[in-house]
Amino acid sequence: MKPLRKFLDRIKPNFEPGGRLSALHSVFDGFETFLYTPHSTSARQGAVHVHDSVDSKRTMIIVVLALMPCLIMGMYNTGYQHWLACGEAIPGIWPLLWYGLLAVLPRIVVTYVVGLGIEFIVAQVRREEIQEGFLVTGILIPLICPIETPLWMIAVATAFSVIFVKEVFGGTGYNIFNVALVARAVLFFGYPAQMSGDKAFVATGKMFGFGPVAPDGFTCATPLGQIATSGGEGGLHLTGIDGSAISAWDAFIGLIPGSFGETSVLCILIGAAILLLAGIGEWRIMISGVAGALVMGWIANSCATPLYPASYLSPLDQLLFGGFAFAIVFMATDPVTAARTNTGKWIYGALIGVMAVLIRTYNNGYPEGAMLAVLLGNALAPLIDWCVVRANTRRRMARLNTSKN
């Protein structure tokens with residue numbers, strides 16, 4: 001890496017103020033700090049600085065690494081579901097992974113080109129350094145979308161969320177809603193046919209000429225989509241693309257139809273372990289979110305009725321099916337949009353867990369409630385923290401008054 005470091009040092013003066021490429025200073029700075037930890041400090045007199053090798057870019061890279069198991073499993077499951085849809089014998093692991101890679105790679109490229117392009121332009125106009133938040137957002141968006149979502153839709157949703165949810169509020173660290181989830185919300189409400197459970201969440205055609213082709217008119221709903229349109233009498237009968245029954249084990253492993261990276265609870269748990277071991281993931285939100293979903297799932301299941309078919313799901317199934325596990329690990333724990341106080345994190349996570357089950361159970365028009373639950377939690381997070389701080393202040397004032405008396 002020394003030749004690269006020397007090369008960057010040699011061309012750096014061109015991008016400094018007064019250099020012939022000074023207009024691209026933000027671009028060069030973003031590239032340099034992505035490769036190397038900055039060693040400069042603030043010049044403010046009297047300031048105290050504590051330095052280590054973990055800056056925000058490294059934090060974002062660890063989150064991306066934690067998402068890799070979901071990405072790899074999504075690639076495999078995309079190929080697996082495609083071969084099932086085509087009625088073909090399942091080949092070895094490599095053709096399935098290759099097909100999934102060909103399917104998701106254009107979506108990742110479009111998301112990064114659109115999102116980073118906007119952030120680069122804004123940074124240049126404002127003469128600010130390029131922030132690193134989109135390193136995670138750029139991979140989250142393809143993971144939470146159906147694999148057949150058209151590229152232009154992903155581009156429109158990404159541009160809308162980056163501009164109106166992030167940049168107008170001041171950029172990274174100032175947005176009040178999760179950028180990736182808003183992109184999904186734009187797709188869900190703007191193009192419901194592509195995002196609802198009424199359409200197969202699988203790729204049905206060739207990818208760059210590779211793979212078999214599904215029969216014309218092929219259709220298969222996701223498990224939650226099947227539940228929302230079922231009557232509920234006689235229990236739930238969830239089937240996969242080939243008509244076979246879907247078990248809780250299938251949902252845990254991730255071999256079911258669904259958005260690209262959300263189907264495998266096992267891979268999500270691996271990602272959660274990486275975040276927790278790295279000290280990045282917020283365990284209070286994860287635990288309280290799961291607890292809230294289990295409690296609400298138990299209440300709904302205890303009052304199960306054919307009017308609301310999802311109420312027949314067991315509390316455990318509420319965690320296994322849909323995008324709840326992915327949302328509570330990678331979305332709800334976003335440090336920018338989540339609650340900041342420790343007590344607030346418990347309340348915030350529990351609220352998301354309860355609301356996710358409530359929405360998916362008692363509103364058949366929204367078979368996946370995790371997205372709306374997290375966005376609602378984002379909206380209420382500042383209020384939750386304010387109430388917690390006020391309560392702490394009143395309690396301390398009461399102790400102070402008692403000690404004076």
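Higher on the page you've got the structure.
Because the structure is predicted, anything quoted here is derived from the model rather than measured.

1. Describing the nonpolar core
In this structure, Leu67, Phe326, Phe330, Met331 and Tyr348 are the most contacted members of the largest nonpolar core, which totals 90 residues. Here this core gets 10 residues from one element, more than from any other, and that element is helix α3 (residues 56-85). Once you skip the residues sitting within four places of it in the chain, phenylalanine 330 turns out to touch Ala66, Leu67, Cys70, Leu140, Ile268, Gly271 and Leu275. Counting residues in hydrophobic clusters, the runner-up holds 7 residues, among them Leu84, Cys86, Val202 and Ile241.

2. Some details on a nonpolar patch on the surface
On the surface, a nonpolar cluster with roughly 680 Å² of combined accessible area is contributed by Phe160, Ile163, Phe164, Val168, Phe169, Tyr174 and Ile176. If you trace the backbone, phenylalanine 164 turns up in helix α6 (residues 151-166). Under the relative-accessibility criterion, phenylalanine 164 is labelled partly exposed at 47%.

3. A look at helix α15 (residues 342-362)
The α-helix advances 3.6 residues per turn, and as a result positions three or four apart in sequence lie on the same side. Its 21 residues give α15 an end-to-end C-alpha distance of 30 Å, which sits within 8% of 30 Å, the value for a rise of 1.5 Å per residue. For α15, every residue scored as buried is listed here: Gly344, Lys345, Tyr348, Gly349, Ile352, Gly353, Ala356, Val357, Ile359, Arg360 and Thr361. Next to the buried residues of α15 lie α9 (223-228), α12 (283-302), α13 (315-320), α14 (324-331) and α16 (370-404).

4. Observations concerning helix α7 (residues 179-190)
For α7, with 12 residues, the first-to-last C-alpha span of 16 Å sits near the 16 Å given by 1.5 Å per residue. Within α7, 9 of the 12 residues are buried, which leaves the element mostly enclosed by the surrounding structure. All of the buried residues in α7 are Val179, Ala180, Leu181, Val182, Ala183, Arg184, Ala185, Leu187 and Phe188. At the N-terminal boundary of α7, the capping side chain belongs to asparagine 178, with an oxygen 3.1 Å from the backbone nitrogen of alanine 180.

5. A few points about the packing of helix α4 (residues 93-126) against α6
Where α4 meets α6, the closest approach of the two axes is 9 Å, and the angle between their N-to-C directions is 30°. Relative to α6, the element α4 lies roughly parallel. Two packed elements cross with a definite hand, and for α4 against α6 that hand is right-handed. Contact with α4, carried on its side by Pro106, Arg107, Val110, Thr111, Val114, Gly115, Ile118 and Glu119, involves Leu151, Ile154, Ala155, Thr158, Ala159, Val162, Ile163 and Lys166 of α6 and no other residues of that element.

6. Examining the pattern of salt bridges
A complete count under the given rule lists 5 salt bridges for this structure. Between glutamate 262 and arginine 184 there is a salt bridge, with the nearest N and O atoms lying 3.0 Å from each other. In this pair, glutamate 262 sits in the loop between α10 (248-253) and α11 (265-277) while arginine 184 sits in helix α7, placing the two residues 78 residues apart along the sequence. Glutamate 262 sits in the buried class, given a relative accessible area of 9%. When its relative accessible area of 7% is taken as the criterion, arginine 184 is described as buried. For lysine 345, the salt bridge goes to glutamate 282, with nearest N and O atoms at 3.0 Å. Residue lysine 345 is located in helix α15, and its partner glutamate 282 is located in the loop between α11 and α12; the two are separated by 63 residues in the primary sequence. Both residues of the pair, lysine 345 and glutamate 282, count as buried.

7. Section: the side chain of threonine 341
By secondary structure assignment, the location of threonine 341 is in the loop between α14 and α15. Reaching out from threonine 341, the side chain makes a polar contact with the backbone nitrogen of glycine 344 at a distance of 3.0 Å. Filtering out sequence-adjacent residues up to four positions away, threonine 341 remains in contact with Asp385, Val388 and Val389.

Calculation notes
- Residues numbered from 1 in each chain as written.
- Predicted model: local features only at pLDDT ≥ 70, side-chain atom pairs only at ≥ 80, totals over all residues.
- Heavy atoms only, no water.
- Core = buried A, V, L, I, M, F, W, Y, C linked by side-chain atoms within 4.5 Å.
- Buried < 20%, exposed > 50% of the residue type's maximum accessible area, 1.4 Å probe, protein only.
- Helix = DSSP H or I, 4+ residues; strand = E, 2+ residues; numbered from the N terminus.
- Contact = heavy atoms within 4.5 Å.
- Patch = residues over 30% accessible without salt bridge, like charges linked within 9 Å, V, L, I, M, F, W, Y side chains within 5 Å.
- Areas by Shrake-Rupley, 256 points an atom, 1.4 Å probe, with all protein chains shown as cover.
- Salt bridge = Lys/Arg side-chain N within 4 Å of Asp/Glu carboxyl O.
- Expected span 1.5 Å × (residues − 1).
- Polar contact = N/O pair within 3.5 Å; in protein donor to acceptor, adjacent residues only side chain to side chain.
- Axes fitted to C-alpha atoms, helices over the stretch in contact; angles between N-to-C directions.
- Parallel < 35°, antiparallel > 145°, perpendicular 65-115°, else oblique.
- Left-handed = near helix turned anticlockwise from the far one by under 90°.

Purely spatial values, then, with no claim about function.
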